[in-house]
Amino acid sequence: MKYIDEYRKKELILSVSEKLKSVSKKEIVLMEVCGGHTMAIHRFGLASLLPPTIRLISGPGCPVCVSSQHFIDMAMAYSKISGVIIATYGDLIRVPGSSTSLEKERANGSDVRIVYSVLESLEIAKSNPKKNVIFLGIGFETTAPLTAAAILQAKQENIPNFFVLSAHKVMPPVMKALVEEGVKIDGFIAPGHVTAITGTAIYNDLATICGLGVVVAGFEPVDMMQAILMLTIQIESGTPGVEIQYQRVVHSEGNQVAQQVLKDVFELRDDSWRGLGTIPKSGLKIREELSSFDAEWQFTVEVPSSTEPKGCICGQILRGLKTPVDCPLFARKCTPSDPVGACMVSGEGTCATYYKYRS
Amino acid sequence: MKHQDDKVMLSHGSGGRMMHQLIEDLFVKHFRNKILDEQTDSAILSVGSHEIAFTTDSFVIDPLFFPGGNIGKLAVCGTVNDLAVSGAEPLYLSVSFILEEGFPMKELEIIVESLAAEAKKAGVLIVTGDTKVVNKGKCDKLFINTAGIGRLKKETRLISKALNIKSGDVIIINGTIGDHGMAVMNARESFNFKASVESDCACLNHMIRKVLEEVPVKFMRDPTRGGVATLLNELVEKIGLGIEINESALPLNKGVKAMCEVLGFEPLHIANEGKVVIVADQTDGDRIIEILKNNKLGLQSAIIGRVVSDHPGKVVLKNETGGRRIIDSLSGDQLPRIC
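Worth saying up front: this structure is predicted, and the values here are computed from it rather than measured.

Analysis parameters
Residues numbered from 1 in each chain as written. Chains lettered and ligands numbered in written order. Predicted model: local features only at pLDDT ≥ 70, side-chain atom pairs only at ≥ 80, totals over all residues. Pairing = 2+ DSSP bridges. Helix = DSSP H or I, 4+ residues; strand = E, 2+ residues; numbered from the N terminus. Axes fitted to C-alpha atoms, helices over the stretch in contact; angles between N-to-C directions. Contact = placed C-beta atoms within 7 Å. Domains from an automatic or database assignment. Nonpolar A, V, L, I, M, F, W, Y, C, P; charged D, E, K, R; others polar. Core = buried A, V, L, I, M, F, W, Y, C linked by C-beta atoms within 7 Å. Buried ≥ 20, exposed ≤ 12 C-beta atoms within 10 Å, placed from the backbone. Arc of directions from axis to C-beta. Right-handed = clockwise from strand over helix to strand, strands pointing away. Left-handed = near helix turned anticlockwise from the far one by under 90°.

Caption draft 1: Spotlight on the sheet that holds strand S1 (residues 43–47) of chain B. Residue and element names in this part refer to chain B. Strand order in the open sheet formed by 5 strands is S1-S2-S7-S5-S6, with mixed pairing between adjacent strands. Since the sheet does not close on itself, it has two edges, and those belong to S1 and strand S6 (125–134), each with one partner. Sheet twist, expressed as the average angle between the axes of neighbouring strands with direction ignored, equals 20°. Here S1 pairs with strand S2 (residues 50–59) via 5 bridges, running antiparallel. If you follow Leu45 over to S2, its bridge partner there is Ile52. Docked against the sheet, helix H3 (residues 71–85) engages S2, strand S5 (88–100) and strand S7 (142–152), running at close to 30° with respect to S7.

Caption draft 2: Representation of the domain arrangement of chain B within the structure. Residues and elements named next belong to chain B. For chain B, the assigned domains read domain 1 (33–156) and domain 2 (162–326). Taken residue by residue, the interface counts 25 residues in domain 1 and 22 residues in domain 2. Only H3, S5 and helix H4 (105–122) provide two or more residues apiece to the side of domain 1 that touches domain 2. Residues that form the side of domain 1 that touches domain 2 fall into these classes: 12 nonpolar, 6 polar and 7 charged.

Caption draft 3: Expanded view of the domain arrangement of chain A. Residues and elements named next belong to chain A. Examined at the domain level, chain A breaks down into domain 1 (1–308) and domain 2 (314–356). When each unit is reduced to the centre of its C-alpha atoms, the spacing between domain 1 and domain 2 is 17 Å. Elements that contribute at least two residues to the side of domain 1 that touches domain 2 include exactly helix H2 (35–43), strand S2 (54–61) and helix H3 (63–66). When residues in the side of domain 1 that touches domain 2 are grouped by element, the largest group, 5 residues, is from H2. Looking at the side of domain 1 that touches domain 2 residue by residue, the class counts come to 13 nonpolar, 8 polar and 3 charged.

Caption draft 4: Region of the structure containing the nonpolar core. Residue and element names in this part refer to chain A. One finds Ala75, Ile86, Phe188 and Ile189 to be the most contacted residues of the largest nonpolar core, which totals 120 residues. Looking at which element gives the most residues to this core, the answer is helix H11 (residues 221–236), with 8 residues. Built from parts of two domains, this core gets at least three residues from each of domain 1 (1–308) and domain 2 (314–356). Among all residues touching Ala75, those that are not within four sequence positions of it are Ile86, Leu102, Leu136 and Leu165.

Caption draft 5: Here's a closer look at helix H8 (residues 171–181) of chain A. Those residues of H8 of chain A that sit buried are Met171, Val174, Met175 and Leu178 of chain A. For H8 of chain A, the arc enclosing every buried residue in end-on projection is 100°, short of the 170-degree limit, so these residues lie on one face.

Caption draft 6: Spotlight on the environment of Asp200 of chain B. Residues and elements named next belong to chain B. By the secondary structure assignment, Asp200 is in the loop between helix H5 (179–188) and helix H6 (205–214). Put simply, Asp200 and Lys275 are 75 residues apart on the chain and 7.6 Å apart in space, counted from C-alpha to C-alpha. Leaving out residues up to four positions away in the same chain, Asp200 has contacts with Gly68, Gly175, Asp179, His180, Asn272, Glu273, Gly274 and Lys275.

Caption draft 7: Spotlight on the pairing of strand S8 (residues 213–217) of chain A. Residues and elements named next belong to chain A. Most of S8 is tucked away: 5 of the 5 residues are buried. Side chains Gly213, Val215 and Ala217 project from S8 onto one buried face, and the interleaved Val214 and Val216 project onto a second face that is buried too. Bridge analysis of strand S7 (residues 187–191) against S8 gives 5 bridges, and the strand direction is parallel. In the sheet register, Gly187 faces S8, and the bridge partner there is Gly213. In the classification by handedness, the crossover that spans S8, the intervening H11 and the parallel strand S9 (residues 242–244) is left-handed.

Caption draft 8: Local environment of the interface of chain B and chain A. Listed per partner, the contact involves 25 residues of chain B and 25 residues of chain A. Going through the elements one at a time, helix H1 (17–31), helix H8 (254–263) and strand S14 (324–326) of chain B are the ones with two or more residues in the side of chain B that touches chain A. With 4 residues, H8 of chain B is the single largest residue contributor to the side of chain B that touches chain A. Split by residue class, the side of chain B that touches chain A holds 7 nonpolar, 8 polar and 10 charged.

Caption draft 9: Geometry of the packing of H3 of chain B against H4 of chain B. Residue and element names in this part refer to chain B. Interaxial distance between H3 and H4 falls to 7 Å at its minimum, and their mutual angle equals 30°. Seen along the crossing, H3 lies across H4 with a hand that is right-handed. When H3 is examined against H4, the residues Ile71, Gly72, Lys73, Ala75, Val76, Cys77 and Val80 are found in contact with a partner set consisting of Ile111, Val112, Ser114, Leu115, Glu118, Ala119 and Ala122. Across the contact of H3 with H4, the residue classes break down as 10 nonpolar, 2 polar and 2 charged.

Dropping the structure here:
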């Protein structure tokens, strides 16, 4: 298959692996920020192809995992309002809230529908004019422009019963927060699809101020190995900078149309991340002039203060401080079929990935 | 029951871990008997000096019509295949309908014609049935239940029990995996994938009979809901050995591969309705492939892996780059109502 087979060629992967082994001298820690990268590393067994000097840690790039418990509890509360249809990406319905999950609420009679695109929830709104459709907006700069476009379309087509509960987040503040918090990182394998939207300027501070290497990577094994090689060369030569490995998709200026749509619909706000607390200007809030589409404005729900599951170390895992195998619940009390923490639910969650690809 | 207020969730019907838990914790607990405890695809019953296989299946697929078939064809194939993989020769079926008030008679006729045509092809007679109609909105268009009876031969009567499997035995499948699940998904969701993915829905009894007549088979099962991965995981639990699957040997339709890449699905977890997984001695592997390839339902047959003594109880997938990973049973609700 085009764009897949050529990036999974065994000989190519092994040749990059050999090169890496000859280049890498210092002990370094690289963080793959994106859950898609974590999956690729484990799916293709890439860790075994790296020299012992290079350690990979997983970052906070799985949208489901970083969504706060409060957001999940809010979604649950909305699902119980009569006449409300919750439209959501599939992963979210199994995330345990403080007391229940959307999947359980659906069994209790709530109308919860899985969509693959936010635009499907617009269609649901159009075909159910007497109901209120609330789309649960999660994700980073990759999915946020789609939500923004849906809101603009709802405005243009005058669809009064479509709303968004936004937990959309942006990447740069959390990457910076991790570095400032003192997590040992020498370089970032930066998220390919986020950067396709934002462009690379968002990483300049990390390189120039924090002195870290940043390489924007694709998601196939050759992409990942090449990005790791590029980072290693940067670090070994003492010339950290921002580079793009994923050139077939990412351009340094990003997707300017998407950037504009984001600006038109959202503004930055301080936002709460699971395990990381509140990070200034890291969340996307729907602008006041579009508040008729903002579920938080239009519906009032009482949500008791949220409680994180006991013993779950998702927070430390999201900060790269621990790995799932350090968690006493991992693969015992917490499994994909009966998850305790959000990182075990999403296909891109670090715990789910470790569980799926454990050997 | 774990808690008084627990409810049935869609995941309980997915063919994966949660469904098995429900079956174990509730159904088997209350229905327990010697025959049921065998937990084979079909129940094996003694009637006088004869042994018969008996099975049942319900069909709630949405949409009723999909590329490669419809609910009627599926209702015959599902039950015929359950009997066939038990080593039985399928003979008789029952068909019961639950119809929603207002369902178009014309569509019902198309479905019934498919049932009849498929039964004829499979060489089974539909000998009894039942019809119920419920008020509009009380069921979704049409549900079908079929039950089937087949004759067991002495030499194949123990095939579902997976006895005598040993390290080195080969794992065979009769063609591409995941076609049914992805075809239904493509027909149902608004993806508009251009890929032409057709369900593999087909009765396998004639092809299976040919294999059984010529070669000793140690185990057979049809990888429906939960896919090949769930089937193999159940098998390794039973036999106390491991299984190693070779990723590059897995027959995969291009469209299915593309859809799985885009949607992040594992093809080994996707449902099939015209596939059989066969375990046999390695010396019989090539002969089985030859027989399968002589049938149009087995053109892409392949040896996809082996039974190993390493990692007992685990199914491990070896990929092209040398990476190895555990393939678990499907957990949760990948796609409800695919059969």
